[in-house]
Amino acid sequence: MDRHYFLIDFENVQIQNLGSLTPGSCHIKIFLGQNQSKLPLELVKALRPFGQDADYIQITGNGSNALDFHVAFYMGRLAAEHADAAFTIISKDTGFDPLVKHVNGLQIRCKRLDALPGSASIAIKVPVKAPAVKKPGPVSVKATRGANVAVAFEPVADKEPSAPKMPAASARVAEVIKRLKGMNKAKPAKLATLQSSIKSWFKPGLDQKATASIIQSLTDQKKITVSGTKVGYSL
């Protein structure tokens, strides 16, 4: 019987449930960062029916690719032990793609997905650019010999003062990274403190959705790790 292993990069994709995975259909290995000591209760309950087919691997070290190397090591060992095994890496980190291409060339079935099958992805809404304000047309002047000059003005709506321009999403993330690097050991240790700091660094202040989007980007880039209410840094 073929073995199908799901190798989950929990440092990159913090899943809350198992999507459409069912006990007996696969093996699950969840790779946790060194500072990730807690899992969602819903996820722990979902893993119980899998018994020995599900386990956790907490890595040692905080290097930028430390968890990636652990995933590669365990996949290699499992492939050597089970020639019929297939692998699915759950991570948004495209750095796994060269590894996936290489092992497929060695006749080892492997692919990478951003999320577990059957689980909903988080959609980040991008603000729609406001339409440009049409400039008033030229003044029309009509003159008739021996008569008064008639001047017709096109009505122009009062122009409201424009709000300060907010930097693009990528620029905001870059600004936050720059500020965090400059804080050295004074970086916020708690998630709530980090959120309030990010909001205050922009004028006008960011709303909750924009702040959450920045924190998700920092997590995806492995600049930070979030474990419960605590935050770890690799920058």
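Predicted model, so just to flag it, every value in this text is computed and none were measured. Here the residue numbers are simple positions, counted from 1 along each chain's written sequence. This being a predicted model, a pLDDT of at least 70 is required before a residue's local features are given, and a value of 80 or more before pairs of side-chain atoms are given or counted; all residues contribute to the totals for chains, interfaces and linings. Note: side-chain values were computed over all heavy atoms of the structure, leaving out hydrogens and water.

**Points about the overall build of the protein**
As a reminder of what qualifies: Secondary structure follows DSSP: runs of H or I at least 4 residues long count as helices, runs of E at least 2 residues long count as strands, and numbering of each begins at the N terminus. Each residue gets one of three labels from its accessible area relative to the maximum for its type: buried under 20%, exposed over 50%, partly exposed in between, using a 1.4 Å probe on protein chains only. Residues count as neighbours in contact if any of their non-hydrogen atoms are within 4.5 Å of one another. Where accessible areas are quoted, they stem from the Shrake-Rupley method and a 1.4 Å probe; at the residue level, only the protein chains shown are allowed to cover.
Helices and strands together make up the secondary structure of the protein, namely six helices and nine strands. The 235 residues of the protein split such that 33% are buried. Residue pairs at least 24 apart in sequence account for 61% of intrachain contacts in the protein once pairs closer than 6 positions are excluded. For the protein, the computed accessible surface area is about 15,300 Å², with 55% contributed by carbon and sulfur atoms.

**Here we look at the packing of aromatic side chains**
The way to describe two aromatic rings as a pair is by their centre distance and the angle between their planes. Rules: Pairs were defined over the aromatic rings of Phe, Tyr and Trp, the Trp ring being its six-membered one, requiring ring centres within 6.5 Å. Orientation was assigned from the angle between planes: stacked under 30 degrees, edge-to-face over 60, tilted for the rest. Working rule: Lys NZ or Arg CZ, within 6 Å of ring centre, within 35 degrees of ring normal, means a charge sits over the ring.
Inspection of every chain in the model, using the stated rule, returns three aromatic pairs. Centroid distance Phe31 to Tyr74: 5.6 Å. Interplanar angle 70°. Geometry classified as edge-to-face. Pair noted here: Phe31 is in strand β2 (residues 27-32) and Tyr74 is in helix α2 (residues 66-81), with a separation of 43 residues, a long-range link. Across the pair, exposure class does not vary: Phe31 and Tyr74 are buried alike. An aromatic cluster of at least three residues, connected via ring pairs, comprises Phe31, Phe73 and Tyr74. Here the basic side chain of Lys187 rests over the ring of Tyr233, its NZ or CZ set 5.9 Å away from the ring centre.

**Describing the confidence of the model for the protein**
Put simply, the test is: The pLDDT value expresses, per residue, how confident the predictor is, ranging between 0 and 100.
The pLDDT averaged across the protein works out to 83; a share of 79% of its residues lies at or above 70. Counting contacts from residues 121-130, a segment whose pLDDT is below 50, to residues more than four positions away or on other chains yields three contacts.

**What about the side chain of Asp93?**
The condition is simple: Nitrogen and oxygen atoms within 3.5 Å of one another constitute a polar contact, given that in protein one can donate a hydrogen and the other can accept it, and given that sequence-neighbouring residues count only through two side-chain atoms.
Mapped onto the elements, Asp93 comes out in the loop between β4 (86-90) and α3 (97-105). Asp93 gets classed as buried once you look at its relative accessible area, which sits at 17%. A distance of 2.8 Å separates a polar atom in the side chain of Asp93 from the backbone nitrogen of Gly95. Beyond its immediate chain neighbours, meaning those up to four positions away, Asp93 contacts Asn12, Asp68, Arg112 and Lys222.

**Looking at the nonpolar core**
What counts is decided by this rule: Buried Ala, Val, Leu, Ile, Met, Phe, Trp, Tyr and Cys residues that are joined via side-chain atoms within 4.5 Å together make up what is termed a nonpolar core.
Ranked by internal contacts, the top residues of the largest apolar core, which has 19 residues, are Leu7, Phe31, Val71, Met75, Phe87, Ile89 and Cys110. In this structure, Phe31 is in contact with Leu7, Ile8, Asp9, Phe10, Glu11, Ile57, Leu67, His70, Val71 and Tyr74, ignoring residues within four places of it in sequence.

**Notes on the packing of helix α5 (residues 191-200) against helix α6 (residues 208-220)**
Condition: In this analysis an axis means a line fitted to C-alpha atoms, helices contributing only their contacting stretch, and an angle means the value between N-to-C directions, from 0 to 180 degrees. For classification, angles of less than 35 degrees are called roughly parallel, those exceeding 145 degrees roughly antiparallel, those between 65 and 115 degrees roughly perpendicular, and all remaining angles oblique. For any pair of crossing helices, the crossing counts as left-handed if the nearer helix is rotated counterclockwise from the farther one by less than a right angle, and right-handed if it is rotated clockwise. Gly falls in the polar group here, along with every residue not listed as nonpolar (Ala, Val, Leu, Ile, Met, Phe, Trp, Tyr, Cys, Pro) or charged (Asp, Glu, Lys, Arg).
With their axes 10 Å apart at the nearest point, α5 and α6 run at an angle of 115° to one another. Relative to α6, α5 is oriented roughly perpendicular. Here α5 runs over α6; the crossing is right-handed. Contacts from Leu191, Gln195, Ile198 and Lys199 in α5 reach Gln208, Thr211, Ile214 and Ile215 in α6. Among the residues forming the contact of α5 with α6, the class breakdown is four nonpolar, three polar and one charged.

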